[in-house]
Amino acid sequence: MRGWAAVAAVIAAVWVAGHWAAVWPVLVAVLAAVLVGGAGWALLRAHRLAVARDRTWRAREEARARELSMVQVDALSWQEFERYVAGLCRRDGCTKVVVSGRSGDLGADVVGYLPDGRKLVVQCKKYAPHRSVSSQDMQRFVGTARPEHGADVALFVTTGGSFTKAALGLALRQDIVAVHRDLLGSWVRGARLETLIPLNGSGGGTGRRPPA
């Protein structure tokens, strides 16, 4: 096999030498294509790296800005926090927004109607940033949001950093919109309520209209 390969190489070399005038433009074109392709790939790779770095930087800056905004929210009392959430609902077009502001409200800290007429019931939990919403907290809200208050959209909003796995699983199964600290930070900075609703439970309902 090696002998035949050597013979083939010699024959190819002789043929190329005899047809060099026709061969060299092809070789130059192939070499140019390889160089251009390599340069293009290098530029594309550099562009992708730049875009990835830019996205990382923007995400980091947005997270930092949310935290700066949340510092002000963290300074609120729990009563002020409920009123603040009600204000966010009004900002996003909700109507007939009422704040309970009292104990024994059966989980309905804020009640109102979305722009499309669905009834909104909000549970507000003013927790430390490192604290998680427990399954027990979510169970209590699940037990009252629709049976007691007739919610079409049930929203659980917390300044805490997260929901426990059990609490989030319950929220998903029971169609509760779970808004943890990061999502609340986005809402504070201008994200619309209608964009938050699909994130943890669709929030679908009967389309009930507010009373006249």
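Computed from a prediction, not measured in an experiment: that's the story for all the values here. Along each chain, residues carry numbers from 1 onward, in the same order as the chain's sequence is written. Where local features are concerned, this predicted model is filtered to residues with pLDDT of at least 70; where side-chain atom pairs are given and counted, the filter is 80 or more; whole-chain, interface and lining totals use all residues. Only hydrogens and water are set aside; all other atoms, that is, all heavy atoms of the structure, feed into the side-chain values.

(A) Examining unusual backbone geometry more closely. Of note in this structure, K96 is not a glycine but carries a positive phi near 50°. Mapped onto the elements of the fold, K96 is located in strand β1 (residues 95-99). Each residue gets one of three labels from its accessible area relative to the maximum for its type: buried under 20%, exposed over 50%, partly exposed in between, using a 1.4 Å probe on protein chains only. Look at K96 and you get partly exposed, because its relative accessible area is 49%. Non-glycine residue D175 carries a positive phi angle of around 60°. Numbering goes from the N terminus for both helices and strands, where a helix is a DSSP run of H or I of at least four residues and a strand is a run of E of at least two. With respect to the element layout, D175 can be found in the loop between α5 (165-173) and β7 (176-179). With relative accessibility at 19%, the residue D175 sits in the buried group.

(B) Spotlight on the pairing of β7. Here β7 shows two buried faces, one formed by I176 and A178 and the other by V177 and V179. Strands pair, by our definition, only if DSSP identifies at least two bridges between them. Examined bridge by bridge, strand β5 (residues 153-158) and β7 share four bridges and lie parallel to one another. Counted as the bridge partner of A154 is I176 from β7.

(C) Focus on the packing of aromatic side chains. Centres within 6.5 Å make a pair out of two Phe, Tyr or Trp rings, where for Trp the six-membered ring is used; the pair is then stacked when the planes are under 30 degrees apart, edge-to-face when over 60, and tilted otherwise. Applying the stated rule across the entire model yields two aromatic pairs. Centroid distance F141 to F156: 5.7 Å. Interplanar angle 85°. Geometry classified as edge-to-face. One end of the pair, F141, is in helix α4 (residues 135-145); the other, F156, is in strand β5, and 15 residues separate them in sequence. Ring geometry for F156 versus F163: centroids 5.6 Å apart, planes at 80°, classification edge-to-face. Linked through ring pairs, F141, F156 and F163 together constitute an aromatic cluster. Geometrically, a charge over a ring is one whose NZ (Lys) or CZ (Arg) sits within 6 Å of the ring centre while staying within 35 degrees of the ring normal. Taking NZ or CZ as reference, R131 lies 3.7 Å from the ring centre of Y127, over its face.

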